[in-house]
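Each chain, letter by letter, is given below.
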Amino acid sequence: MHFQLTDDQRALQQGMRELLAGRFDRDALRAAVERPGTLDRALWRELGEAGFFALRLPEDDGGVGLGAPEAVLLFEEAGRALLPGPLIATHLAAGVVKGAADGSVVVTQADGPLIEWYEAADAVAGEEITDGATVPVRSVDPLTPLHRLHEPAAAGDPLVGLFTAAEQLGSAARTTEMAVQYAGEREQFGAAIGSFQAVKHLCAQMLARTELARAAVYAAAVTGDLADIASAKLLADEAAVRCARDCLQVHGGMGFTWEADVHLHLKRAWVRKERWVSQGALTELLAELLVEVG
Amino acid sequence: MDLTYTEEEEAFRAKLREWLGQVLPTLPPKPDPNDWPGRRTYDMGWQRRLYEAGYAGLHWPVDAGGQGATPTQHLIFLEETERAGAPYVGANFVGLLHAGPTIAAEGTAQQKQQWLPPILRGDEVWCQGFSEPDAGSDLAALRTKAVRDGDEYVITGFKIWTSHAEVADWCELLVRTEPSAPKHRGISWLAMPMDAPGVTIRPLRTLAGSTEFAEMFLDEVRVPVANRVGEENDGWRVTMVTLSFERGTAFVGEVVACRRTLTALAGEARKNGRWDDPALRRKLALLSAEFAALWRLTQWNVSESEATGGVPGIGGSVFKLRYSHARQELYDTAAEVLGAGALDLDHEWVLDRLSSLSYTIAAGTSQIQQNIIAERILGLPKGR
């Protein structure tokens, strides 16, 4: 047993972090917020060239030939950076929908009652969506356009749950860092607010939540087991939403502004929480498994 | 990232399982929980069997008399012994998990020779004399003083939360040897024989009604200077080695047991009809996810310490913080499953619920754990 990142996995993670730091920095993020519904196609193709979408395709089919653990590391980075777009649907469409693998085509897919990026996408994977089957939603997340389906689609591939959990993990880690940084800089009562235990303990709980979710998400990526993925999704949803909330609290009044990035993490975390299988169905699944084991 | 065990690790597991299958049926009946001499005999008898089978001090270094096993083998050992229902470490807890590792890391060759083999063989029990009435979370504020008199220290003071003191042969004792130094720099670590004149033990009854802890009064107790481990006034550093061991793998078996308890709770709820309550099913499911993740975090931490060769670090504090709360949540949920039965002390879950209340206090309160995480891991400024 060696449940740690390998050197290759670390390098992959580092490479994606650097690519996104260069191509999707804070200015790019805020620019994206100002033009909702528009995807950066050049960035999408760069992601394709970097192997983001073809990562798990066999090398013989022009892919990178890696597995779910490596994909999870990439989606974690995407979650950290709040990278917009139907990343998971396009990744899962690689090798199925022409052009998905190299990033020349943007693919989306219905997920339960919702479909993300319906108008901006070039193709819809899975069941065809007929005219009039969708109605636009005024999305709470400025970086995720949403349509509602009159007829909800079937629950998606468990990999949708796993990769969404990985994005949530990345977001939780990022909001923890943001809170710690702000708590170390912001001064009140003549001291950095991070020197007060009430603030310190919020930050410590954020880290604990994130690291526990990390263990669950990485393990689910390795085993591919449905119960592990369900557990990981629940913990990662909780970590992303809760850490964003705590990060907002640590930022005080600034946290309630449009200008601070915290709300973008919180709103995206809410969107991701609705993906794949509902929270209620996930807990019912785990409860049933407890009975079966017994 | 790899969660599969190597052939070597699986062979270790198979051999251990086979041995457990043979030895467990030969154990004497478990003693009454309040029969402390009986519990000592039982716990030390189990340790003796481990010793004879080559499993004593599994993760201790070979030069300390241990087996030099890898952290993963140690994890397998803790997992398998729990699964098989083997006895817990019991009265040997301090010897195997605190005092022994400290002596192994910091003691002289002669000290290792004197104290480690009897711990491994199950001949001698150790207790811990750290906390004092005015030195709990602020352990370094301890005041029990040791005054040098020739080649002896003369010790006077008052210790509390001394576990297994009634049946212990030795005490790992923290004393103040330099009253004028800053508080962390005037402490020494001593091995004190419990039969020394001037040692008085008074059992301390916990809210669970049990007496595994005691108060210990020390009145001019004489301990040879040769019993000091580490330099004089360097006892704080020596002790920190011990405490990080405690936060490492001390709870592995318990996580395995908690996951089994969850399954049993679901079974009980199905029987008594409370399973029909969706709020209860949701609680059990969330606990199931939490404990599954705690197990994965344990595997992560073990792999990390195997790679770095170090004592458990970051993950240990995160684990302790989440596990202690999860355990309390588990037994509060058990009480929901039991209903009125949760008031019956004869039910083991009720006693476990009571003892779970110590988990967010012992070995560093949750508040102290959060300070440690915030300051040492996240780098937030020290404050009040």
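In this text, all values refer to a predicted model and were calculated from it rather than measured experimentally.

Asker: Sorry, what's going on with the overall build of chain A here?
Answerer: A tally of regular secondary structure across chain A gives 10 helices and 7 strands. Relative to its length of 294 residues, chain A is compact, with a C-alpha radius of gyration of 19 Å against a globular reference of 19 Å. For the C-alpha atoms alone, the extent of chain A along its principal axes is close to 60 × 50 × 40 Å. Considering chain A as a whole, with its 294 residues, one finds that 57% of them fall into the buried category. Counting contacts in chain A only where the partners sit at least 6 residues apart, residues at least 24 apart contribute 69% of the total.

Asker: Just to check I follow, could you spell out the UniProt feature "domain: Acyl-CoA oxidase/dehydrogenase middle" (unreviewed entry) in chain B for this structure?
Answerer: UniProt records the feature "domain: Acyl-CoA oxidase/dehydrogenase middle" (unreviewed entry) for residues 127-220 of chain B in the present numbering. Taken end to end, residues 127-220 of chain B has its terminal C-alpha atoms 19 Å apart, with 0% of it in helix and 51% in strand.

Asker: Looking at this model, I keep getting lost on the domain arrangement of chain A. Mind explaining?
Answerer: A common measure of how large an interface is: the accessible area buried when the components associate. Residues and elements named next belong to chain A. Per the domain assignment, the segments of chain A are domain 1 (7-149) and domain 2 (158-293). Taking only C-alpha atoms, the centre of domain 1 and the centre of domain 2 are 21 Å apart. Across the domain 1/domain 2 interface, buried area totals approximately 2,700 Å², and carbon plus sulfur atoms make up 62% of it. Where domain 1 packs against domain 2, one counts 6 salt bridges. With a shortest N-O distance of 2.6 Å, Asp261 and Arg30 are connected by a salt bridge. The tally of links between domain 1 and domain 2 comes to 14 residue pairs in polar contact (both at pLDDT 80 or more). Secondary structure elements with two or more residues in the side of domain 1 that touches domain 2: α2 (26-34), α4 (68-81) and α5 (87-93). Of all the elements, α4 adds the most residues to the side of domain 1 that touches domain 2, at 9 residues.

Asker: Help me understand the interface of chain B and chain A in this model?
Answerer: Counting residues at the interface gives 49 residues for chain B, matched by 44 residues for chain A. Regarding the contact of chain B and chain A, the summed buried area is about 4,200 Å², with carbon and sulfur atoms giving 70% of it. Three residues stand out in chain B for area buried against chain A, namely B:Met1, B:Trp300 and B:Leu380, and they jointly supply 20% of the buried area on that side. Inspection of the chain B/chain A interface yields 3 salt bridges. Across the salt bridge formed by B:Arg296 and A:Asp228, the nearest N and O atoms sit 3.3 Å from each other. Elements supplying a minimum of two residues to the side of chain B that touches chain A: α3 (71-83), α7 (252-272), α8 (278-308), α9 (314-338) and α11 (366-377) of chain B. If one sorts the elements of the side of chain B that touches chain A by residue count, α8(B) sits on top with 19 residues. Residues that form the side of chain B that touches chain A fall into these classes: 26 nonpolar, 11 polar and 12 charged.

Asker: Would you mind going over the side chain of B:Thr298 with me for this structure?
Answerer: Residue and element names in this part refer to chain B. With respect to the helices and strands, Thr298 occurs in helix α8. Taking the relative accessible area as the measure of exposure, Thr298 reaches 6% and is therefore buried. At 2.8 Å, the side chain of Thr298 forms a polar contact with the backbone oxygen of Leu294. Apart from the residues within four sequence positions on either side, Thr298 is in contact with Leu75, Val252 and Phe319.

Asker: Can you walk me through the packing of helix α8 (residues 226-250) of chain A against α8(B) in this structure?
Answerer: The relative placement of two packed helices is expressed as an angle between their axes plus a distance between the axes. Two elements in contact, α8(A) and α8(B), have axes whose closest approach is 9 Å; the angle formed by their N-to-C orientations is 100 degrees. One element, α8(A), and the other, α8(B), form an angle in the roughly perpendicular class. Between α8(A) and α8(B), the contacting residues are A:Asp228, A:Ser231, A:Leu234 and A:Leu235 on the first element and B:Leu286, B:Ala289, B:Glu290, B:Ala292, B:Ala293 and B:Arg296 on the second. Residue composition of the contact of α8(A) with α8(B), grouped by class: 6 nonpolar, 1 polar and 3 charged.

Asker: Explain the domain arrangement of chain B here, please?
Answerer: Domain annotation for chain B reports domain 1 (7-88), domain 2 (126-233) and domain 3 (247-377). In this structure, domain 1 of chain B and domain 2 of chain B have C-alpha centres spaced 30 Å apart.

Asker: How should I be thinking about the pairing of strand β7 (residues 213-224) of chain B in this particular structure?
Answerer: Regular strands place side chains that alternate from one sheet face to the opposite one. All names here are of chain B. Pairing geometry for strand β3 (residues 152-163) and β7, over 9 bridges, is antiparallel. If you follow Phe158 over to β7, its bridge partner there is Phe217. As paired strands, strand β6 (residues 199-204) and β7 are joined by 6 bridges and run antiparallel to one another. Residue pairing across strands places Leu204 opposite Phe213, the latter belonging to β7.

Asker: How should the UniProt feature "domain: Acyl-CoA dehydrogenase/oxidase N-terminal" (unreviewed entry) in chain A be read in this particular structure?
Answerer: The UniProt record marks residues 6-91 of chain A with the feature "domain: Acyl-CoA dehydrogenase/oxidase N-terminal" (unreviewed entry), using the residue numbering of this structure. Secondary structure within residues 6-91 of chain A divides into 63% helix and 0% strand; the distance between the first and last C-alpha atoms comes to 23 Å.

Asker: Can you help me understand the environment of A:Arg209 in this one?
Answerer: The residue A:Arg209 is located in helix α7 (residues 197-223) in this model. Excluding residues that lie within four positions of it along the chain, A:Arg209 makes contacts with A:Glu238, A:Ala239, A:Arg242, A:Cys243, A:Asp246 and B:Arg322. Engagement of the side chain of A:Arg209 in a polar contact is seen with the side chain of A:Asp246, the distance being 3.0 Å.

Asker: Even after reading the chapter, I still don't get the packing of α4(A) against α7(A), so can you show me in this structure?
Answerer: Residue and element names in this part refer to chain A. At a minimum axis distance of 7 Å, the contact between α4 and α7 shows a crossing angle of 140 degrees. Crossing geometry of α4 relative to α7 is assigned as right-handed. In contact with Ala68, Pro69, Val72, Leu73 and Glu76 of α4, α7 contributes Arg214, Val217, Tyr218, Ala221 and Val222. Across the contact of α4 with α7, the residue classes break down as 8 nonpolar, no polar and 2 charged.

Asker: Mind showing me how you'd approach the side chain of A:Lys233 here?
Answerer: Residue and element names in this part refer to chain A. For Lys233, the position within the fold is in helix α8. Among the polar contacts listed, one links the side chain of Lys233 to the backbone oxygen of Lys273, at a separation of 3.3 Å. Filtering out sequence-adjacent residues up to four positions away, Lys233 remains in contact with Gly161, Thr164, Ala165, Arg272, Lys273, Arg275, Trp276, Gln279 and Leu282.

Asker: I keep staring at unusual backbone geometry and nothing clicks. Help me out?
Answerer: Trans is the common state for peptide bonds, and a negative phi is the common state for residues other than glycine. One non-glycine residue with positive phi stands out, namely A:Leu82, at about 60 degrees. Examined against the element boundaries, A:Leu82 turns out to sit in the loop between α4 and α5. Residue classification places A:Leu82 among the buried residues on the basis of a relative accessible area of 1%. Within the chain, B:Trp161 stands out as a residue other than glycine whose phi angle is a positive 60 degrees.

Rules of the game
- Residues numbered from 1 in each chain as written.
- Chains lettered and ligands numbered in written order.
- Predicted model: local features only at pLDDT ≥ 70, side-chain atom pairs only at ≥ 80, totals over all residues.
- Heavy atoms only, no water.
- Helix = DSSP H or I, 4+ residues; strand = E, 2+ residues; numbered from the N terminus.
- Rg over C-alpha atoms; globule rule 2.2 N^0.38 Å.
- Buried < 20%, exposed > 50% of the residue type's maximum accessible area, 1.4 Å probe, protein only.
- Contact = heavy atoms within 4.5 Å.
- UniProt positions renumbered as here; feature names shortened; annotations may be inferred.
- Domains from an automatic or database assignment.
- Buried area = accessible area lost by both parts, 1.4 Å probe.
- Salt bridge = Lys/Arg side-chain N within 4 Å of Asp/Glu carboxyl O.
- Polar contact = N/O pair within 3.5 Å; in protein donor to acceptor, adjacent residues only side chain to side chain.
- Nonpolar A, V, L, I, M, F, W, Y, C, P; charged D, E, K, R; others polar.
- Axes fitted to C-alpha atoms, helices over the stretch in contact; angles between N-to-C directions.
- Parallel < 35°, antiparallel > 145°, perpendicular 65-115°, else oblique.
- Pairing = 2+ DSSP bridges.
- Left-handed = near helix turned anticlockwise from the far one by under 90°.

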